[in-house]
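Notes for the structure review
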Amino acid sequence: MKRPLIVGNWKAHKDLIQAKSWTEEFSRLWPEEGVGAEVIITPAFIHLPLFKDFIAQKNLPWKLAAQDLSSYPSGAYTGQISAEMLSGLVDYVLLGHSERRNYFQESGGMLKKKVEQAVKFHLQPIYCVSEAKMLVPEGVEIVAYEPLFAIGSGQPDTPENASQVAEEIKKGRGVKVLYGGSVKPENAYSFLSQPNLDGLMVGGASLKAWEFWEIIKNVV
Ligand code: PGA
């Protein structure tokens, strides 16, 4: 039985108080015996130290991802967060999300540099694409297939089509493929039961601790 990856992407949501109360609620829901999935939480940068301390203090198996990192190394780059700064704080980093490509003009060339920075500092990139034919840089082992029409729309792709796209992405590459786009507790299992899908990327439904838990609970 595969152990799926379930990623909760908070995007630009929650202040410090809201983040703290999410961690408390989610830990109350979390069973002592653990779950059958690798759960990866992707809050904003400002929440990462809070999560890191909370996880250590409660001895939880939750993993952390950053939502982005700089294509530049550490140095005189005001406002940037480098891979080196994130190493030891997170295990994963989301790269190439369509919101970053569209609103922040992230190009293939820039994303290639970001992947290189991530790999150099032992952060595992979760590389997002909206179609199977999109380029995936060398060094990527986890790809998230997120069709544009499905993100935040309440209109997910069909599990069968998502599985077919995942199969295409996997051709000739040893990668895991996650599905993202309007994943909810009601549809999570239909994606996870597809042979080519190795997990889920959850946006809106990860913002409420109980709703994110409903998705994870379905796959335990
Ligand atoms: P959504 O977002 O679950 O709110 O559709 C998914 C994503 O953008 O990763």
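Residues numbered from 1 in each chain as written. Predicted model: local features only at pLDDT ≥ 70, side-chain atom pairs only at ≥ 80, totals over all residues. Heavy atoms only, no water.

Near the ligand lie 13 residues; those nearest to it are Lys 11, His 97, Glu 146, Gly 152 and Ser 182. The separation between an oxygen atom of the ligand and a polar main-chain atom of Gly 152 is 2.6 Å. Within the backbone of Gly 204, one N or O atom sits 2.8 Å away from an oxygen atom of the ligand. Residues that form the shell around the ligand fall into these classes: four nonpolar, seven polar and two charged. (Near = heavy atom within 4 Å. Polar contact = N/O pair within 3.5 Å; in protein donor to acceptor, adjacent residues only side chain to side chain. Nonpolar A, V, L, I, M, F, W, Y, C, P; charged D, E, K, R; others polar.)

Sheet topology note: the strand β2 (residues 38-42)/strand β3 (residues 63-66) ladder contains two bridges and is parallel. The partner of Ile 40 across the bridge, within β3, is Lys 63. For the crossover from β2 across helix α2 (residues 48-58) to β3, the handedness is right-handed. In the sheet, β3 pairs with strand β4 (residues 92-95) via two bridges, with the strands oriented parallel. Directly across from Ala 66, in β4, lies its bridge partner Val 93. (Pairing = 2+ DSSP bridges. Helix = DSSP H or I, 4+ residues; strand = E, 2+ residues; numbered from the N terminus. Right-handed = clockwise from strand over helix to strand, strands pointing away.)

Counting across every chain of the model gives ten salt bridges. Of the charged contacts, one joins Asp 68 and Arg 100 as a salt bridge, the two residues approaching to 3.4 Å between their closest N and O atoms. With Asp 68 in the loop between β3 and α3 (83-86) and Arg 100 in helix α4 (residues 98-103), the pair connects residues that are 32 residues apart, well separated along the chain. Here Glu 106 makes a salt bridge to Arg 100, at a shortest N to O gap of 2.8 Å. Exposure remark for Glu 106: the relative accessible area of 7% places this residue in the buried category. When salt bridges with common partners are traced through the structure, they connect Asp 68, Arg 100, Glu 106 and Lys 114 into a single cluster. (Salt bridge = Lys/Arg side-chain N within 4 Å of Asp/Glu carboxyl O. Buried < 20%, exposed > 50% of the residue type's maximum accessible area, 1.4 Å probe, protein only.)

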